[in-house]
Amino acid sequence: MILDFNVNGRDYSIEADARARLIDVLREDLGLTGTKEGCGEGECGACTVIIDGLAVNSCLVMAHQTRGKRILTVESLKQDGELDSLQKSFINNGAVQCGYCTPGMLMSCKALLMRNPNPTEHEIREAIEGNLCRCTGYVKIINAVKEVVKESKAPSEEDHHE
Amino acid sequence: MTNKLKYVGKSVPMHDVMDKVTGEIKYVGDMKLPNMLYAKLLLSDIAHGVIKSIDISKAQALKGVVKIYTYENTPSTSYNSHIWYDGLKAIEDEYLFSKQVRFYGDRIAAVAAEDKETAERAISLIKVEYEKLPHIISPLEAKENPEYRITSKEIKSGEPENIIQTAEIVVETALKTQKVHHAAMETHICLANKELDGTVTIWTPCQVAFQVQLVVCTALGLPKDKVRAIKAAMGGSFGGKGQPVLEPVCAYMAYDLGKPVKLYMDRTECIIATRTRTATIGNVSTAVDAEGNILARDIKMLVDAGAYMTNGEAVALAMGKKAFRLYKIQNQRYTAEVVYTNTPIGGACRGYGSPQIHALTEINIDAAARRLGMDPVKLRLKNLFQPYDKDSIGGPALGNARVIQCVEKGMEVFNWKEKRERPKAIGRYVRGVGMACATHGNGYYGAYQDYITMSLMMNEKGEIILNSGIHDLGCGTVTTMKQIVSEVFDIPLDKVTAVEGDTFKSPFDSAGTQASRVTFVCGACALKAAEQTRAKLVHYASRILGCAEEQVVLENGMIYASDQPDKKQAYGDMVTSIQKTLSEKVEVSCTYESPANPASYAVNFVEAEVDTMTGMVRILEVLAVHDIGKAINPGFVEGQIQGAIQMGIGFALSEEISVDSGGIVKETNLGKYHIVNAPDMPDVKVMLIEEGEEHGPYGAKSVGEVSTVAIAPAIINAISNAVDIDITALPATPERVLEAIKRKNIISEVRQ
């Protein structure tokens, strides 16, 4: 079956198995191996991608359900050689250890900031409740997101004062 | 340390973090070789029995199936996956595939196929007929059966039995600890290929590459020069990928087929059929006097190795030794009985027995304090070791043991007294505070061989390559080594490369990433190699510069004679001159044998809230204080501790692999096996006591394992403080907490 969709800003029209999951098409057919599989049943969040603005477990979505949709994977975050502010903040805050949950974690956080650029800590924790991490205890991940929020707020507050 | 440190003590980012945030890093699951086959295992669905027949005809007929492996067509050499060096003895009861089925999840067959779907389908088409045998899932029952009893151990100092018999106050505690899944986000996986010269190359996220080589050689009957193990990117281990589980099977298939084979597990397989934290049933009796001095202690542990021996005996001994390295107890006995059960296999798991024994003994210390009406902190402070006290059974020197300082500082910062004395709330939600102390080691000195060889070379560009068999498990080992080398040479980290384990290229390492040895032992070797290489550079440079060695200055990547500061040259130019003029290389290979095994300490303070209606426990605050010697990278240290607390909360409250009466595992996925997620994770405050340890590089000692030990008893003690109940089994699930509250209420009603 032909699948037409947009991944990381690029239109694709590919032949994909009717039974293929989105994660398989991304990893096997498009070679986007940044998206990880940790459980295959939507419990760990390692496979999180963004579909039309929403964070979704790509292991629970059939590839053909994404026809005509816009998908973002971790590979989309770096633009023109420049890391996304979330990636930078994950690095600066030591939010990455083994790195296996990191792509999914980043995409859940990205989806959160896309719909809510000013989340509270509670909202940050809720946004990643489906993303399990065994290395960090989430503490530095939450700090990293908080820092992005704070930094993106800073200039607008300055504007306000002006 | 008089000199100001420039690279050590700084929270620099991990060496491969850029590849990790972009998703570019290649784990084994992301690797593909030409003509690669995919392999899956068939696991037993009964707990105990013998295979009567295996019908592979339907699976074999499936298009794309290359070969099916069972006990009938594979080597039947026994091995023990726990053996990490030649000469280490342990019961060898594992096989690639066995006719005997010993637990739900035992390996029955493997299929190699051209694609994943075919491999998975073929597995479902294999028909196995078993003759079922009676199974034992309870260690208590196993203890009574000679076929299940493996060994017993005793460690003793003084005459505890007599003292306990005659003492006025003896406090007894019983605690059952559960099997735990490591829950690394990357499930077990392995890739192997047969090279043209007959060598089998194995890429695996492992902790001990030389152990992978040794175990594969034993199981396959191959010489070591035909098996090459390469440490691949690690998606989390925590001990779970310590013992080679998939590697022997995967290597055999690649060897047999002459093709690359990738063997992978899903989450369910990973939970039931890899390794687990060893379950225990513990009893402790502690005699104390009215002032809170511990007079004697008797600890009995029943250790459930699970279906195969692996490290059952080693972990029983390791946990026992810890009991002698926290409190000054002259009269103490530790006895352990190790048994098999028809349940998932025990193995290494962060802390290696420490979390189990400390949970028992630290809950008991609080019980003793309750009995005496004493603040549990006060009781501990009376009995904890002082710096340079002696291990009471003649074990390795404790070194600069700063546990008392951890307790005192932590108490202050946590505001212990005020929180402890605060009146308890009356109503549904009741808060309590608890604390616990813990100790762990720094390597194998005193128990097993512990040395590593490293080679270090400076090239013509002034760059350094540190070659050794290290394994970065995501904890920052590579960066830690780089920081040490950078400090010695005064060059930026990006000028230093530290490569990881490859049994064909790395100098030998005796033990790998286990036993909290890496920073303390391997880091000390990196320091030694760097210092020796630096001395060599200085020596040759003095000849080139025509000055005394003492006059050679190394500063920020530049080298010069102290009386000619205007004639500075880059390290690389000097190396080029040395090579050209003296025909010498600035290179060293050195072996470092650890001379010590001091104790690391952790003290955790916890505030918890118990919902007396549901039994749910919420952790509100955690303070972790660590006697770390010196943090080479404080950011990594904090990361280790925060992650370890997450694991420890699960051990205390929610994580358990259990089996039903038929021996079938109940928690077969992450929906049923509950690890702490972000909303339930408290903020973890970390406090480091950095007083330096003699033999650690720049004074450093371990943190990776000790950090997960004190949290569970601290939580249980906080629950007891809140609602005055005894928890006798971990995890303290809502059901268990509620049951204990009901029991207490019935008892108090009867008394009224």
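Everything numeric in this text was worked out from a predicted model, so none of it was measured.

Visitor: Could you give me a rundown of the overall build of chain A, with the residues and numbers involved?
Guide: When helices and strands are tallied, chain A shows five helices and five strands. Helices and strands in chain A line up, N terminus first, as β-β-α-β-β-β-α-α-α-α. The C-alpha radius of gyration of chain A comes to 16 Å, within 12% of the 15 Å expected for a compact globule of 162 residues. Each principal axis of the C-alpha atoms in chain A carries an extent, and together these give about 55 × 35 × 25 Å. Burial analysis of chain A (162 residues in total) assigns 56% to the buried set. Counted over contacts in chain A with a minimum sequence separation of 6, partners at least 24 positions apart contribute 57%. Accessible surface, chain A as shown: approximately 7,000 Å² in total, 46% of it carbon and sulfur. In chain A, which carries 18 positive and 25 negative side-chain charges, the distance between the mean positions of the two groups comes to 3 Å.

Visitor: Any chance you could break down the interface of chain A and chain B for me, citing the residues and the numbers?
Guide: At the junction of the two partners, chain A supplies 41 residues and chain B supplies 54 residues. A combined buried area of about 3,700 Å² lies between chain A and chain B, and 55% of that area is made up of carbon and sulfur atoms. Three residues, Gln97(A), Arg125(A) and Arg134(A), lead the burial of chain A against chain B; their summed loss comes to 22% of the area buried on that side. If you look at where chain A meets chain B, you find six salt bridges. In this structure, the salt-bridge partner of Asp30(B) is Arg27(A), at a minimum N-O distance of 2.8 Å.

Visitor: Report on the sheet that holds strand S23 (residues 558–561) of chain B, specifying residues and quantitative values.
Guide: All names here are of chain B. One open sheet holds the three strands; their spatial order is S22-S23-S24, and the pairing between them is antiparallel. Both edges of this open sheet fall to strand S22 (552–555) and strand S24 (569–570), since each of them pairs with a single strand only. In this structure, S23 lies alongside S24, joined through two bridges in antiparallel fashion. Counterpart to Met558 in the pairing with S24 is Ala570.

Visitor: Give a description of the environment of Gly512(B) that names residues and reports values.
Guide: Tracing the sequence through the fold places Gly512(B) in the loop between strand S21 (496–500) and helix H15 (518–545). Considered as a pair, Gly512(B) and Ile470(B) are 42 residues apart in the sequence and their alpha carbons are 6.6 Å apart.

Visitor: Please set out the domain arrangement of chain B residue by residue, giving values where relevant.
Guide: Residues and elements named next belong to chain B. If you check the domain split of chain B, you get domain 1 (31–134 + 188–264), domain 2 (276–442 + 596–751) and domain 3 (446–593). Facing 21 residues of domain 2, the contacting portion of domain 3 comprises 21 residues. Both faces considered, domain 2 and domain 3 share a buried interface measuring about 1,500 Å² in area, 63% of it formed by carbon and sulfur atoms. Remark: the boundary between domain 2 and domain 3 carries zero salt bridges. Every element with two or more residues in the side of domain 2 that touches domain 3 is listed here: helix H9 (312–322) and helix H17 (634–653). Partitioning the side of domain 2 that touches domain 3 into residue classes produces nine nonpolar, eight polar and four charged.

Visitor: Kindly report on helix H6 (residues 209–220) of chain B, identifying the contributing residues and their values.
Guide: Here H6(B) is 12 residues long and its end C-alpha atoms lie 16 Å apart, about the 16 Å a rise of 1.5 Å per residue gives. Most of H6(B) sits out of view: 11 of its 12 residues are buried.

Visitor: Kindly report on the nonpolar core, identifying the contributing residues and their values.
Guide: Core analysis: the biggest nonpolar cluster contains 170 residues, and Phe90(A), Tyr334(B) and Ile719(B) have the highest contact counts within it. Taken domain by domain, this core gets at least three of its residues from each of domain 1 (31–134 + 188–264) and domain 2 (276–442 + 596–751) of chain B. Beyond its immediate stretch of four places on either side in the chain, Tyr334(B) contacts Lys153(B), Glu154(B), Ile155(B), Ile299(B), Met301(B), Ala316(B), Met319(B), Gly320(B), Phe324(B) and Ile357(B). Among the nonpolar cores identified, the runner-up in size contains 51 residues, and Met454(B), Val485(B), Val518(B) and Phe520(B) belong to it.

Visitor: Tell me what's going on with the pattern of salt bridges, and back it up with residues and numbers.
Guide: Under the defined criterion, the tally for this structure stands at 46 salt bridges over all chains. Here Glu37(A) ties to Arg21(A) by a salt bridge, and the two come within 2.8 Å at their closest N and O atoms. With Glu37(A) in the loop between helix H1 (22–29) and strand S3 (48–51) and Arg21(A) in the loop between strand S2 (10–15) and H1, the pair connects residues that are 16 residues apart, well separated along the chain. Residue Arg21(A) is classed as buried on the basis of its relative accessible area of 19%. Between Glu313(B) and Lys153(B) there is a salt bridge whose closest N-O contact spans 2.6 Å. Of this pair, Glu313(B) sits in helix H9 while Lys153(B) sits in strand S7 (residues 149–157), placing them 160 residues apart in sequence.

Visitor: Could you give an account of the packing of H6(B) against helix H7 (residues 247–257) of chain B, naming the residues involved and the relevant values?
Guide: Residue and element names in this part refer to chain B. One can describe the packing of H6 onto H7 by two numbers: an axis separation of 9 Å at closest approach and a directional angle of 60 degrees. When the axes of H6 and H7 are compared, the pair comes out oblique. Remark: the crossing between H6 and H7 carries right-handed chirality. On H7, the residues touching Val212, Val215, Val216, Ala219 and Leu220 of H6 are Glu247, Pro248, Ala251 and Tyr252.

Criteria and cut-off values
- Residues numbered from 1 in each chain as written.
- Chains lettered and ligands numbered in written order.
- Predicted model: local features only at pLDDT ≥ 70, side-chain atom pairs only at ≥ 80, totals over all residues.
- Heavy atoms only, no water.
- Helix = DSSP H or I, 4+ residues; strand = E, 2+ residues; numbered from the N terminus.
- Rg over C-alpha atoms; globule rule 2.2 N^0.38 Å.
- Buried < 20%, exposed > 50% of the residue type's maximum accessible area, 1.4 Å probe, protein only.
- Contact = heavy atoms within 4.5 Å.
- Areas by Shrake-Rupley, 256 points an atom, 1.4 Å probe, with all protein chains shown as cover.
- Lys, Arg positive; Asp, Glu negative; His and termini not counted.
- Charge placed at Lys NZ, Arg CZ, Asp CG, Glu CD.
- Buried area = accessible area lost by both parts, 1.4 Å probe.
- Salt bridge = Lys/Arg side-chain N within 4 Å of Asp/Glu carboxyl O.
- Pairing = 2+ DSSP bridges.
- Domains from an automatic or database assignment.
- Nonpolar A, V, L, I, M, F, W, Y, C, P; charged D, E, K, R; others polar.
- Expected span 1.5 Å × (residues − 1).
- Core = buried A, V, L, I, M, F, W, Y, C linked by side-chain atoms within 4.5 Å.
- Axes fitted to C-alpha atoms, helices over the stretch in contact; angles between N-to-C directions.
- Parallel < 35°, antiparallel > 145°, perpendicular 65-115°, else oblique.
- Left-handed = near helix turned anticlockwise from the far one by under 90°.

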